[in-house]
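Topology and contacts: notes
Okay, here's what each chain looks like letter by letter:
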Amino acid sequence: MSKLNIRNVLPRDLDHISQIECLCFPAAEADSKKVFKERIAIFSEGFFIAELDGEIIGLINSGITNDNNLKDNFFKTMDLHIPGANNIVIFGLDVHPNYHGSGYGKELMNHFIEYARKSGRKKVLLTCKKHLIKYYEKFGYVNEGLSNSTHGGATWYDMYLVL
Ligand SMILES: CC(C)(COP(=O)(O)OP(=O)(O)OC[C@H]1O[C@@H](n2cnc3c(N)ncnc32)[C@H](O)[C@@H]1OP(=O)(O)O)[C@@H](O)C(=O)NCCC(=O)NCCS
């Protein structure tokens, strides 16, 4: 079995990342190529991709904030990104559908948590749908209940992990 390689994103990854995002999320929830480009330019340090034999099969990306919840506007612009702030928010964890259930999401998340801890953040924040609450609880995330988020017209739950 091939070993997963996790590395920081590069500008050349943009098209591939956008394709995986569109496979993983409905159109109303998928992040735009424009915002991915901005995240890569501003905060590639907190943006990781996973490769199998040189092929990108997953990603996790983030921004920094002093807020305690992920604000919907942060999905659209990195204007809310405050380098040096306390908390790190995950915008998305994506694994290509062909590779779901192989442990790659877990590897990406564990890599990310380790990075967040080493970089001195206090909490990791994310929003997720009801069916994934248990998935994130396995990493130690705490469910804060229904979120104010209306991102993509869906119902979201706020979760946080104390580092
Ligand atoms: C959610 C997602 C990232 C999970 O990635 P994955 O690689 O398929 O998950 P893994 O194989 O790493 O699963 C790790 C563990 O979680 C469990 N798990 C997977 N999906 C789960 C779910 N929906 N609920 C509870 N547990 C789940 C697995 O059984 C495994 O458990 P184990 O460690 O005890 O064996 C992936 O399904 C995905 O990209 N979905 C579409 C995009 C999405 O919804 N992203 C999350 C945005 S909030």
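Scroll up a little and you will see the structure.
What counts, and where the lines are drawn
Residues numbered from 1 in each chain as written. Predicted model: local features only at pLDDT ≥ 70, side-chain atom pairs only at ≥ 80, totals over all residues. Heavy atoms only, no water. Helix = DSSP H or I, 4+ residues; strand = E, 2+ residues; numbered from the N terminus. Rg over C-alpha atoms; globule rule 2.2 N^0.38 Å. Contact = heavy atoms within 4.5 Å. Areas by Shrake-Rupley, 256 points an atom, 1.4 Å probe, with all protein chains shown as cover. Lys, Arg positive; Asp, Glu negative; His and termini not counted. Charge placed at Lys NZ, Arg CZ, Asp CG, Glu CD. 1 Å grid on protein atoms, 1.4 Å probe; cavity = no way out; pocket = protein on both sides within 12 Å on 5 of 7 lines; lining within 4 Å. Points joined across faces, edges and corners; volume = space filled by probe spheres on them. Nonpolar A, V, L, I, M, F, W, Y, C, P; charged D, E, K, R; others polar. Pairing = 2+ DSSP bridges. Axes fitted to C-alpha atoms, helices over the stretch in contact; angles between N-to-C directions.

**Digging into the overall build of the chain**
Across its full length, the chain holds four helices and seven strands. What you see for the chain is a C-alpha radius of gyration of 15 Å, in line with the 15 Å of a compact globule of 163 residues. Principal-axis analysis of the C-alpha atoms gives the chain an extent of 40 × 35 × 30 Å. For the chain, the share of sequence-separated contacts (at least 6 apart) that also reach a separation of at least 24 residues comes to 65%. Counting only carbon and sulfur atoms, one obtains 50% of the accessible surface of the chain, whose full area is about 8300 Å². Averaging the locations of the 19 positively and 19 negatively charged side chains of the chain gives two centres separated by 3 Å.

**Side note on the layout of surface pockets**
Its volume calculated, the largest pocket comes out at about 780 Å³. Lining of the largest pocket is provided by 34 residues; of these, Leu-93, Asp-94, Leu-132, Tyr-135 and Tyr-136 occupy positions nearest its centre. Residue assignment for the lining of the largest pocket shows that the elements contributing at least two residues are α1 (14-24), β4 (87-95), α3 (104-118), β5 (123-128) and α4 (133-137). Counting residues per element, the lining of the largest pocket draws most heavily on β4, which supplies six residues. Classifying every residue of the lining of the largest pocket gives 17 nonpolar, ten polar and seven charged.

**Observations concerning unusual backbone geometry**
Unlike most non-glycine residues, Asp-53 shows phi in positive territory, near 50°. Examined against the element boundaries, Asp-53 turns out to sit in the loop between β2 (48-52) and β3 (55-65).

**A look at the sheet that holds strand β1 (residues 4-8)**
Sheet architecture is open: seven strands sit in the order β1-β2-β3-β4-β5-β7-β6, paired in mixed fashion. Looking along the sheet, the strands with just one partner apiece sit at the ends: β1 and β6 (142-146). Averaged over all pairs of adjacent strands, the angle between strand axes in this sheet comes to 25°, irrespective of strand direction. Bridge analysis of β6 against strand β7 (residues 157-162) gives four bridges, and the strand direction is antiparallel. Bridge assignment links Asn-143 to a residue of β7, and that residue is Met-159. The sheet contacts of α1 involve β2, β3 and β4, and relative to β3 the element is tilted by about 90°.

Don't take any of this as a statement about function, it's just geometry.
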